[in-house]
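Geometric and topological summary
Residues per chain, in single letters:
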Amino acid sequence: MSRTQRESVNQVSIAARAAAASRPVPDYLTALNPEQRRAVEAVDGPVLVLAGAGTGKTRVLTTRIAHILALGKARPAEILAVTFTNKAAREMKERIAAVVGGQAEGMPWLGTFHSIGTRILRRHAELVDLEPSFTILDTDDQIRLAKQILSAENIDEKRWPARQLLGAIDGWKNRGLTPEEVPKSDGEWFAHGKGVHLYKLYRDRLKALNAADFGDLLLEPIRLFRNNPDVLESYQQRFRYMLVDEYQDTNVAQYLWLRLLAQKNRNLCVVGDDDQSIYGWRGAEVDNILRFETDFPGATVVRLERNYRSTSHILAAASHLIAHNEGRLGKTLFTDRVDPDAVPVTVASAWDSEEEARAINAEAESLQKKGVSLDEMAILVRTTAQMRAFEDRFVTTGTSYRVVGGPRFYERKEIRDALAYFRCVTQPAYDLAFERIVNVPARGLGQVSLRVVSEVARANGVPLMQAAADVLATDELKGKARSGLLGLLGAFDRWRAQLDALPHTELAEIILEESGYTDMLKADRSADAPGRLENLKELIRSMEDFESLPAFLEHVSLVTDAQGEAGEEAITLMTLHAAKGLEFDVVFLPGWEEGLFPSMRAMDENGQAGLEEERRLAYVGLTRARRQAFVWFALNRRLHGSWQASAPSRFIDELPEASVMVREDVGYGGIGGYGGSRFDKVETFSSSYHTPGWERAQRRREDVPRRERILPTLIEGELVARSIANGPSAFDVGSRVFHQKFGNGNVAAIEGNKLTVDFDRAGRKRVIDSFLTKA
DNA sequence: ATTGGTTATGTTTTT
DNA sequence: CATAACCAAT
């Protein structure tokens, strides 16, 4: 930007400010308390907002953005706003839109560190040895890569697990270190001092694959800025104002990234709460908060301590608990709200995790009867493994629930396989994807045949797909391996040719069908095969929201949070980590047991610091509740498959008596006290006869065929479901049909669910019946 | 050489 | 209990 341009913008903003001063104070400001308002109005210069849970942190951030826009100090595209999760980014966008209207749409730089990093890298890819189309690796790919490197280096993967290597590499990347910069002693411990060398190999391999991992999305922008002052300068000028949410969770790389961008105009506002720092294991440095005032002298510091969210009982419980931590800045949350009907935090126990789930389910239903919406209830667990018991229970009682996070949709095997197929179509050079699916379903291509191909690839410096074609030109492969590979490559050519001719959802279905993937699952007798098929349908359904296959794949790499679909009222089930930033009327906190929460591993690995982080997690959990919190623990829990007795969490003893109510009679479950044996469960079961959910379950049992009851509760999508469902085609040869993209036509031939149709305008096409309607 | 069945092993949290 | 590495039979 030239100097004159800059001046003109400044003049506009001075004029706007003058005008604003004479105008009455806008509504959005009068709605704030004095501290919040100070945080919003301190527009220029560095600002540190220490905001306790429920003190209106998000409100300050969104109002601040709105204020900057209203004053005319910057255009939407000149504001950098960083959040930690995609969910938070989406929410912030909505809330800004609510204040300033459609302008929020024009905020391209509102997002996570990772998504903004990606955006910057794609623009300047060549400066960091990548191509703009680079792919983003996920954990699975990373592990595969690391294993390859380890075996190439003749390192015993038993002794030095790939995961461990990746952990170290990720740690370095999170600290902003390239292999050259890693302190010598740091890599010593791994494989007799080969750690750094392996990091270098891994990094080279990523570049060769034109790929980046999550760590690179932070590390590479730093390298880009450092090595290209002109690029850095352009971004420093672009981002007139910068805001960062959840600052306590930033790691060193993110800190460096921000500091580089902010050191010029210093208009950086960070918001955080040291008591909610729960990502230490990912390299987050709470110290970043403490360092802020040193790095940005003269920063305005605002403390938000007035809580608007929770009842006094919940606040007391949370505050009392967190006070057991030593390393904190120390904030005191308070509220003036008087709640005559405030209820103490309930602590209750169950015999085992199943009873815990049953009781919580019953409690939720009883609250629902009293008028609390299921949308306003959440179950927050420490580990994803805990979710299963709840899901099982909800499925049997027919309680509708929503899982946030969990075993993430895009990480499931069948989804990743499907995506690998799609990637091979759009990016033939993506070796990792090709490797993943060459022999899935089995095509007679084992390790040996694959080695032949990869050796040719390495020798000629070509992608695997190309090497495979080269190998087929010779007669090196014989029999099944040859025909299998031939068939696969032919299929890829066919699919690629249809890329522009067919709607991408339809092509996706064809790929899954023709590759034999769906057939493989149909033939699979194991219990989860139907669920996997269902997931594939869900995948294709979600693709409908995107323009094209490449657009969809780009989205998938970064978005991990399964979009909780709105609509039906449902109770939310998620991890404590995923719950940060959210709030609910009622919160259930199961699994408060020693070893599970606080997690044994956190304490083993990080001692006191680990324990304190767990405690902060407990604090986060409690403060999610507006009106009521239920803490549960089970006396027995299945760990690595076998039953183990468990002791109540120490955190329970750290709650203040005055705000806690211990439930002596174990409520809806019905076993008397702790002494019950497992045989009592039969009794228990019948005694929960009268809960609404149980009755509903019984009703269902009558009219739902047996097989379907086992399936996960996924919404049955008509569009796709029909195509995979078997049975006679709904169409006849010669009948008139309509297709979304091709318009009207006549059915020429039917072959399973694939129809050949002569379209009036588009000509003869082969399509899948679910995309057709009777005209 | 590939496959499918077996056994051993190990599990936090997320962009 | 669930997945991954491993091995024996084709």
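Conventions and cut-offs
- Residues numbered from 1 in each chain as written.
- Chains lettered and ligands numbered in written order.
- Predicted model: local features only at pLDDT ≥ 70, side-chain atom pairs only at ≥ 80, totals over all residues.
- Heavy atoms only, no water.
- Helix = DSSP H or I, 4+ residues; strand = E, 2+ residues; numbered from the N terminus.
- Buried < 20%, exposed > 50% of the residue type's maximum accessible area, 1.4 Å probe, protein only.
- Contact = heavy atoms within 4.5 Å.
- Areas by Shrake-Rupley, 256 points an atom, 1.4 Å probe, with all protein chains shown as cover.
- Near = heavy atom within 4 Å.
- Polar contact = N/O pair within 3.5 Å; in protein donor to acceptor, adjacent residues only side chain to side chain.
- Core = buried A, V, L, I, M, F, W, Y, C linked by side-chain atoms within 4.5 Å.
- Nonpolar A, V, L, I, M, F, W, Y, C, P; charged D, E, K, R; others polar.
- Salt bridge = Lys/Arg side-chain N within 4 Å of Asp/Glu carboxyl O.
- Pairing = 2+ DSSP bridges.
- Phe/Tyr/Trp six-rings, centres within 6.5 Å; stacked < 30°, edge-to-face > 60°.
- pLDDT = per-residue confidence, 0-100.
- Axes fitted to C-alpha atoms, helices over the stretch in contact; angles between N-to-C directions.
- Parallel < 35°, antiparallel > 145°, perpendicular 65-115°, else oblique.
- Left-handed = near helix turned anticlockwise from the far one by under 90°.

**Overview of the overall build of chain A**
On a plain count of helices and strands, chain A comes out with 32 helices and 21 strands. Burial statistics for chain A: of 775 residues in total, 53% are counted as buried. By sequence separation, contacts in chain A at least 24 residues apart represent 75% of the contacts at least 6 residues apart. For chain A, the exposed area adds up to about 34,600 Å²; of that, 51% sits on carbon and sulfur atoms.

**What about the protein's contact with DNA strand B?**
Close to DNA strand B lie 26 residues, the nearest being Arg382, Thr384, Ser449, Arg601 and His640. Counting only atoms of DNA strand B within 4 Å of the protein, the sugar-phosphate share comes to 63%. Tryptophan 281 is positioned such that a nitrogen or oxygen atom in its side chain is 3.1 Å from a base oxygen of DNA strand B. At a separation of 3.3 Å, a base oxygen of DNA strand B approaches a polar side-chain atom of arginine 282.

**A few points about the nonpolar core**
Of all hydrophobic cores here, the largest spans 77 residues; its most connected members are Phe422 and Phe434. Top contributing element to this core by residue count: helix α17 (residues 413-426), with eight residues. Residues contacting phenylalanine 422, with those up to four places away along its chain left out, are Ala508, Ile511, Leu512, Leu539, Met543, Leu549 and Leu553.

**Regarding the protein's contact with DNA strand C**
In the vicinity of DNA strand C, the contacting residues are Lys147, Lys158, Arg388 and Arg638. In this structure, a phosphate oxygen belonging to DNA strand C sits 2.6 Å away from a side-chain N or O atom of lysine 147. Taking arginine 638, its side chain carries an N or O atom lying 3.0 Å from a phosphate oxygen of DNA strand C. For the surface near DNA strand C, the class distribution of residues is no nonpolar, no polar and four charged.

**Quick look at the pattern of salt bridges**
According to the stated counting rule, one finds 43 salt bridges in the structure shown. In this structure, arginine 650 and glutamate 594 form a salt bridge, with 2.8 Å as the shortest nitrogen-oxygen distance. With arginine 650 in helix α28 (residues 650-653) and glutamate 594 in the loop between β13 (584-589) and α27 (600-623), this pair connects stretches of sequence that are 56 residues apart. A residue is classified by how much of its surface remains accessible, and arginine 650, at 30% relative accessible area, is partly exposed. Between glutamate 605 and arginine 601 there is a salt bridge, with the nearest N and O atoms lying 2.9 Å from each other. Here arginine 601 and glutamate 605 lie together in helix α27, a separation of four residues that amounts to about one turn. Judged on exposure class, the residue glutamate 605 and its partner arginine 601 are both exposed. Residues participating in the shared-partner salt-bridge network are Asp138, Asp140, Asp141, Arg144, Arg416, Asp417, Glu435 and Arg436.

**Concerning the pairing of strand β9 (residues 345-352)**
Burial of β9 is extensive: eight of the eight residues sit out of reach of the surface. Where β9 lies against strand β16 (residues 660-662), three bridges are found, and the strand directions are parallel. In the strand pairing of β16, threonine 346 is matched with methionine 661. Where β9 and strand β14 (residues 625-639) come together, six bridges link them in parallel fashion.

**Brief notes about the packing of aromatic side chains**
Using the criterion set out here, one finds 21 aromatic pairs in the structure. Ring geometry for tryptophan 109 versus tyrosine 235: centroids 6.2 Å apart, planes at 85°, classification edge-to-face. On the criterion of sequence distance, the pair formed by tryptophan 109 in the loop between α5 (86-100) and β3 (110-112) and tyrosine 235 in helix α11 (residues 229-238) is long-range, its members being 126 residues apart. Seen from their ring centres, tyrosine 247 and phenylalanine 292 are 6.0 Å apart, and the 80° between their planes marks the pair as edge-to-face. With a gap of 45 residues between them, tyrosine 247 in the loop between β6 (241-244) and α12 (252-262) and phenylalanine 292 in helix α13 (residues 287-295) connect regions that are remote in the sequence.

**Quick look at the environment of aspartate 528**
Relative to the helices and strands, aspartate 528 is located in the loop between α23 (517-523) and α24 (529-543). In this structure the C-alpha to C-alpha distance between aspartate 528 and isoleucine 415, which are 113 residues apart in sequence, comes to 14 Å.

**Describing the confidence of the model for chain A**
Of all residues in chain A, 84% attain a pLDDT of 70 or more, and the chain-wide mean is 81. By mean pLDDT, helix α32 (residues 718-724) is the weakest element of chain A at 25, and β13 is the strongest at 96. In this model, residues 1-12 is a region of pLDDT below 50 whose contacts with residues beyond four sequence positions or in other chains number eight contacts. Below pLDDT 50 for its whole length, residues 666-727 participates in 93 contacts with residues either more than four positions away or in separate chains.

**A few points about the sheet that holds strand β2 (residues 79-83)**
Strand order across the open sheet formed by six strands is β3-β2-β6-β7-β1-β8, with parallel pairing between neighbours. The open sheet has two edge strands with one neighbour each: β3 and β8 (300-304). Each strand axis lies, on average, 15° off the axis of its neighbour in the sheet, ignoring direction. Of the pairings in the sheet, the one linking β2 to β6 comprises four bridges and is parallel in character. By the bridge assignment, leucine 80 is partnered in β6 with methionine 242. Contacts between helix α3 (residues 34-41) and the sheet are confined to β1 (47-51) and β8, with β8 contributing the most and set at about 145° to the helix. The strands touched by α13 within the sheet are β1, β7 (268-272) and β8, with β1 carrying the most contacts at an inclination of about 150°.

**A closer look at the pairing of β13**
Within a regular strand, the side chains alternate between the two sheet faces. Of all six residues making up β13, five are buried, and the element is well covered by its neighbours. Pairing analysis gives three bridges linking strand β10 (residues 377-381) to β13, with the strands arranged parallel. For alanine 378, the partnering residue across the bridge sits in β13 and is valine 587. Examined bridge by bridge, β13 and β14 share five bridges and lie parallel to one another. In the sheet register, phenylalanine 588 faces β14, and the bridge partner there is phenylalanine 630.

**Focus on the packing of α3 against helix α4 (residues 57-70)**
Two numbers describe how α3 lies on α4: the axes approach to 8 Å, and their chain directions differ by 45°. In terms of their interaxial angle, α3 and α4 are classed as oblique. At the point where α3 passes α4, the crossing takes the right-handed sense. Of the residues in α4, those in contact with Gln36, Ala39, Val40 and Glu41 of α3 are Val60, Thr63, Arg64 and His67.

**A short note on unusual backbone geometry**
A cis amide bond, omega 0°, links valine 440 with the succeeding residue proline 441. Here phenylalanine 597 and proline 598 are connected by a cis peptide whose omega angle stands at 5°. Looking at the element boundaries, proline 598 is found in the loop between β13 and α27. The phi dihedral of asparagine 210 is positive, around 55°, even though this residue is not glycine. Relative to the elements of secondary structure, asparagine 210 occurs in the loop between α9 (195-208) and β5 (211-212). With relative accessibility at 12%, the residue asparagine 210 sits in the buried group.

**Structural notes on the environment of serine 353**
In this structure, serine 353 sits in helix α15 (residues 353-369). In this structure serine 353 comes out as buried when scored by relative accessible area, which is 11%. Put simply, serine 353 and glycine 621 are 268 residues apart on the chain and 19 Å apart in space, counted from C-alpha to C-alpha. Other than its neighbours up to four places away in sequence, serine 353 contacts Ala389, Ala634, Asn636 and Arg637.

**Remarks on the packing of helix α20 (residues 464-473) against helix α21 (residues 479-498)**
The interhelical angle for the contact between α20 and α21, taken along N-to-C directions, is 130°, at an axis separation of 10 Å. What the angle tells us is that α20 and α21 run oblique. α21 is crossed by α20, and the crossing has left-handed handedness. Together, Met465, Ala468, Ala469 and Leu472 of α20 and Arg482, Leu485, Leu486, Leu489, Phe492 and Arg496 of α21 make up the contact between the two elements.

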